Amino acid sequence: MSATVQNAPRAATTGGAALLPAGERERLIAALREFLPPDAVLFDHEDLKPYECDGLSAYKRLPALVVLPRTEEEVRRTLALCNARNVPVVARGAGTGLSGGALPHSAGVLLSLARFMRILDIDPLARSARVQPGVRNLAISEAAAAYGLYYAPDPSSQIACTIGGNVAENSGGVHCLKYGLTVHNVLAVRLCTAEGDIVELGAESLDSPGYDLLALINGSEGLLGVVTEVTVKLLPKPETARCVLAAFESIPAAGNAVAAVIAAGIVPAGLEMMDKPATAAVEPFVHAGYPLDAAAILLCESDGTAAEVAAEVARVNEIMRAAGAHEVRVSRDEAERLRFWSGRKAAFPAVGRISPDYYCMDGTIPRKRLAEVLAGIGALERRYGLRCANVFHAGDGNLHPLILYDANQPGELERCEAFGADILELCVKAGGTITGEHGVGVEKIDQMCIQFPPKVLAAFHAVRHAFDPSGVLNPGKAVPTLHRCAELGRMHVHRGQEKFAELPRF
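All figures in this text were calculated on a predicted structure; none of them were measured in a lab. (Residues numbered from 1 in each chain as written. Predicted model: local features only at pLDDT ≥ 70, side-chain atom pairs only at ≥ 80, totals over all residues. Heavy atoms only, no water.)

### Topic: the packing of helix H8 (residues 251–263) against helix H13 (residues 370–384)
Taken N-terminus to C-terminus, the directions of H8 and H13 make an angle of 150°; their axes are 8 Å apart at the nearest point. One element, H8, and the other, H13, form an angle in the roughly antiparallel class. The element H8 and its partner H13 pack so that their crossing is right-handed. Between H8 and H13, the residues in contact are Ile251, Pro252, Gly255 and Val258 and Leu370, Ala371 and Leu374, respectively. The residue makeup of the contact of H8 with H13, split by class, is six nonpolar, one polar and no charged. (Axes fitted to C-alpha atoms, helices over the stretch in contact; angles between N-to-C directions. Helix = DSSP H or I, 4+ residues; strand = E, 2+ residues; numbered from the N terminus. Parallel < 35°, antiparallel > 145°, perpendicular 65-115°, else oblique. Left-handed = near helix turned anticlockwise from the far one by under 90°. Contact = heavy atoms within 4.5 Å. Nonpolar A, V, L, I, M, F, W, Y, C, P; charged D, E, K, R; others polar.)

### A word on the nonpolar core
By size, the foremost hydrophobic cluster in this structure holds 85 residues, and its most contacted members are Met273 and Met320. At eight residues, helix H14 (residues 412–429) tops the list of elements feeding residues into this core. Those residues in contact with Met273, other than ones at most four positions away along the chain, are Ala254, Gly255, Val258, Ala296, Ile297, Leu298, Leu370, Leu374, Asn390, Val391, Phe392 and Ala394. Core analysis: the second largest hydrophobic core is formed by 28 residues, Val41, Val89, Ala107 and Leu113 among them. (Core = buried A, V, L, I, M, F, W, Y, C linked by side-chain atoms within 4.5 Å. Buried < 20%, exposed > 50% of the residue type's maximum accessible area, 1.4 Å probe, protein only.)

### Notes on the packing of aromatic side chains
Scanning the entire structure with this criterion turns up three aromatic pairs. A centroid spacing of 5.5 Å and a plane angle of 15° characterise the contact between Tyr384 and Phe419, whose relative ring orientation is stacked. Pair noted here: Tyr384 is in helix H13 and Phe419 is in helix H14, with a separation of 35 residues, a long-range link. For Phe419, a relative accessible area of 0% gives the class buried. With a centroid separation of 5.2 Å and 80° between ring planes, the pair formed by Phe452 and Phe460 is classed as edge-to-face. By relative accessible area, which is 25% here, Phe452 ends up partly exposed. (Phe/Tyr/Trp six-rings, centres within 6.5 Å; stacked < 30°, edge-to-face > 60°.)

### A word on unusual backbone geometry
Here His287, not a glycine, exhibits a phi torsion of approximately 55°, which is positive. Assignment of secondary structure puts His287 in the loop between helix H9 (276–286) and strand S14 (296–304). Take His287: its relative accessible area is 54%, and that puts it in the exposed class. Even without being a glycine, Ala478 presents a positive backbone phi close to 65°.

### Quick word on the pattern of salt bridges
Applying the stated criterion to the full structure yields 23 salt bridges. Beyond isolated ion pairs, a larger network of salt bridges with shared partners links Asp39, Arg70 and Arg115. (Salt bridge = Lys/Arg side-chain N within 4 Å of Asp/Glu carboxyl O.)

### With respect to the state of the cysteines
Taken as a whole, this structure holds one disulfide when the rule is applied. The residue that forms a disulfide with Cys449 is Cys485, at a sulfur-sulfur distance of 2.1 Å. Sign of the S-S torsion, about -80° for the bond between Cys449 and Cys485, identifies this disulfide as left-handed. With a gap of 36 residues between them, Cys449 in helix H15 (residues 445–451) and Cys485 in helix H17 (residues 482–488) connect regions that are remote in the sequence. Under the relative-accessibility criterion, Cys485 is labelled buried at 10%. (Disulfide = S-S within 2.5 Å.)

This is how it looks when you write it as structure tokens:
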């Protein structure tokens, strides 16, 4: 299976196609080997091939070479050398990203942090962990479990994705509604700038003096520096947790139930929605016990003390039934709770079993517009003749439409790209954004021209210039140039000036 991108930014936004001249490449390899061991510098074709793309596999490009440092000093010297020679550098973690953020530059260095895999310290009293960027997300919770603690952000890829990549994309997960995104759970980072300087941002305390540059680094997609160490916040494991599964005969009813839960002052540990095509794909794969006759299901989890959970589950049960749920189940034990969640966590691979290819979208909308936007996506399905399964973090309006297509069929890839672009523009028109947690990368760079006016884009470029004056870090990603936006002829949607009382009908 593979993913794709929308709106044809293929050659123009992926950092250029020029190759590093052979002589310059050999000189760069020789210079790197002055401080890196031979196995840390890869340049043969078969060694470069595994790094040609990240999880967005429709974009593929071989880097000029790959560097696998083991120490912060090696990272620092690599960046200083590349900056002095004006050689692009793309940092990479586990490569699970879905926006092309780790797509290599053909004339540059792919800097892999895969060897930075150590958990440096766990402080159970301060409830924090200091880790290297190559540590897997789930490994932090596994190491902290002995102290009754865990790391809250839990992307669906948490078994494989790394904390450095989570910082780069400001990743979330099914429990982000209550416990926040990566930015809310990172206390400090050590960062190497493009010029080779080590900077420490944040502090182990809850606040630190000066500008809040730590928040700026979360979600910066590798454009501002390379993270070499992360201090994360740990939380006590809840005494208990239970999950409510509610089935609805219509998507609007499920959307209204989401709004009703939040309006009641309840902040669930997780609140997820899946539509009928998604549950139909998932159930044969994991046997989660989902009702396949429902137009949509909600998964609403409560955690805390046994008394707190019992009271909250009772209220959620009442709210779901009042909103029109024709079936409500409450997990009877931990095994059933995990089974309810297994389907949501396995939605992406499940869809991969029923379609040769799929494209995982990512956009965010106000919760009150869920039903309208899903209706708009349904209209787009009919327009483009492609199926779409929907799973999303309903509590915070983060959509993950899965567009199914076959790249071997002429024209389907292009239709899928256009379909995805229209979904993102639909999100913006509804008062939302073009991404929630996957990042912009190369995937959504054209839609940045719709989301932000020229002065805001110019401010973004000014921030980047302050960190990376030479522009060698991850060039051609995340923030388009004003020239590119002008070429596309895209108009910024001024949400304060235009009223979208009704979404466009297709």
